[in-house]
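Listed here are the chains, written in short residue letters.
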Amino acid sequence: MFQNIRKCDLLIIIILLLVVSVFGYYYVNSLARSQLWIKTYPVRAELSARQIRCSNDGPLWLADILRHQTKHNNAPANQIAYIEPNGTLHHCENGYMGKYPILSDSVTEKTRFRYASVTKLWTADAILQLIKDGKLSLDTPLSDIISEIDTPKDTRINDITISQLLLHRAGFDRYSIFGQDMFGIGKDICPNHINELNNITLGFDPDSKMSYSNLGYCLLGEVISRLNEDKSYKEVIKKQYNFSENGIQFVSNSAMSDEVTYNYVETGLTGYADIYTAFDYDGLASAAGLSGNAIDLAQQVKIMAAKPSPNIISMDEQVSCDKSQIKDCYGYAMVPYQPNKQSATLYYRDGGLLGLSTLVAIDERGGVVALLSNGTPDNGKVGNDTVKMMIYDQLIQ
C-alpha cells in the first residue's frame, strides 16, 4: 500500500504530524506556551513603539521615555503626562489595550492603569491635611487613634507615631512573619484584624531605621477613617479628592472595562496565574488601591505638592540619609534625589505590581511627570532607576 505514496505526499504527512505535535505540546503545556509568548515580545514592542501619539507641541523627550519603556522595560502600553511649572499640560501614549497588538484598541489618554503604591500619595496627603487641620500631629501615637491597641505584648508598639508610619520607620519588617507584605507574607492584620497588633513583635525599634511597609500605610488609612467619623477610607478619599469629577477609581479583584491589559506572564510553578486575585485589593486600598490615567494622576499630584508644608515633598530633617542614592531616603510621601549638594532635587514616588509599574516625579519648581506602564523591567531596580535618571536629566536641565 505504501509503495504508491509519493515523496511529496510523505513530506506533507511528516509536516502535518510535526504541526500537530507542536500544537499539542503548547496546548497542554501552559508554561511552554508562556515562554513562547515572552519570545514574541520584540515583535510586539516594535509594533507598540510605532504607535506613539502625543499632544501638540509637547517636548520630544516624552516620546523617548515611552520608547524606552516599550523596548527595554517590557511595557508594550504606556502613558506619560507632564505638567510644566506654569501649568501647561503635555501627554503621550502608546500601545494597545488588549494582549494582542493591532487586534486590540489603541491606548488613549483615558485608558485606565492601576496606580499601585503611588496610591500612598493620597494617604499621606490626607494624613498631612489632618495635621494641618489640628486633628493630630506627627508625634501622635498610633495607639491614641487605634483603640484596639490596648495590651500589646511588644510594648514598643505603644511608641509608634504618625510620623514613623509615614516615613516607613515604625518597626514593621515587611518580610518577617509579622510584616504583612502584599505577597501573603505575615499575618492578616489590617484592616480586618487590627486587634492582632497586640500579638505581634516588631522587627526593630521604631525610628531606628527605614523598612518599607504596606502595613504602616494600611494603618494610616485606618487613622483617616477614625478621624472622619468612622467613614470608610475609600469614602473619605473619594469625596476629599473629588473622584466623581475625574477618572480615578478604587480597584477590585477583577479587571475594569476601560483598563489596559498587563504584560504579566506566569513562567513558574509557584507564581500567580491571575494578577487580579493575587492581592486583596480591598485590604490594600490605602497602600495600592487606586487606578486612573496619567493626566489625572499628574493633576492631582501637582495640587498636593503646592499645598503648605508639611506636604508630600516635605522631609523630616531629623532623619539622616544620603539623597545622592535613589530610594535611600523617604520623606513623608516621596523619595528625594540630589546627586550632590549643588544639584537640584527631584522627588520620586514609584510603585509596581505584577505586570505593571508606576512613577511620579516632582521638580523644585512644581513641574510634575506621571508615567504609567503595563510592564516591569527584567533588571528590576536598575531598569526603574534608569527611567528616573532620564526624567531627572530632562526636568533639571
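None of these values were measured; they are calculated from a predicted model.

A.B. asks: What is the right way to look at the pairing of strand S8 (residues 346-353) in this model?
C.D. replies: Side-chain direction in a regular strand flips from residue to residue, so the side chains alternate between the two faces of the sheet. S8 sits mainly inside the fold: seven of its eight residues count as buried. As defined by bridge partners, strand S7 (residues 335-337) adjoins S8 across three bridges and the pair is classed as antiparallel. Bridging across to S8, Tyr-337 finds its partner in Leu-346. Pairing geometry for S8 and strand S9 (residues 356-363), over eight bridges, is antiparallel.

A.B. asks: Would you explain the sheet that holds strand S6 (residues 290-292) in this entry?
C.D. replies: Backbone-to-backbone hydrogen bonds join strands into a sheet, with any given pair of strands oriented parallel or antiparallel. Strand order in the open sheet made by the three strands is S4-S6-S5, with antiparallel pairing throughout. Sheet topology places strand S4 (113-114) and strand S5 (249-250) at the edges, where each strand pairs with a single neighbour. Here S5 pairs with S6 via two bridges, running antiparallel. Bridging across to S6, Phe-250 finds its partner in Leu-290.

A.B. asks: Mind showing me how you'd approach the state of the cysteines here?
C.D. replies: Here, the word disulfide means a covalent bond between the sulfur atoms of two cysteines. With the rule as written, the count across this model stands at three disulfides. Between the sulfur of Cys-190 and that of Cys-218 lies a disulfide, 2.1 Å long from S to S. Where Cys-190 bonds to Cys-218 through sulfur, the torsion about that S-S bond is close to -85 degrees, and the disulfide is left-handed. Here the residue Cys-190 occupies a position in the loop between helix H7 (162-166) and helix H8 (214-226), and Cys-218 occupies one in helix H8, the gap between them amounting to 28 residues. By relative accessible area, Cys-190 is classed as buried at 3%. Of the residues examined, Cys-218 reaches a relative accessible area of 6% and is grouped as buried. Through a disulfide, Cys-321 is tied to Cys-329; the S-S separation comes to 2.0 Å. As the torsion about the S-S bond is roughly 115 degrees, the Cys-321-Cys-329 disulfide counts as right-handed.

Each value, and the rule that gives it
- Residues numbered from 1 in each chain as written.
- Predicted model: local features only at pLDDT ≥ 70, side-chain atom pairs only at ≥ 80, totals over all residues.
- Heavy atoms only, no water.
- Buried < 20%, exposed > 50% of the residue type's maximum accessible area, 1.4 Å probe, protein only.
- Helix = DSSP H or I, 4+ residues; strand = E, 2+ residues; numbered from the N terminus.
- Pairing = 2+ DSSP bridges.
- Disulfide = S-S within 2.5 Å.

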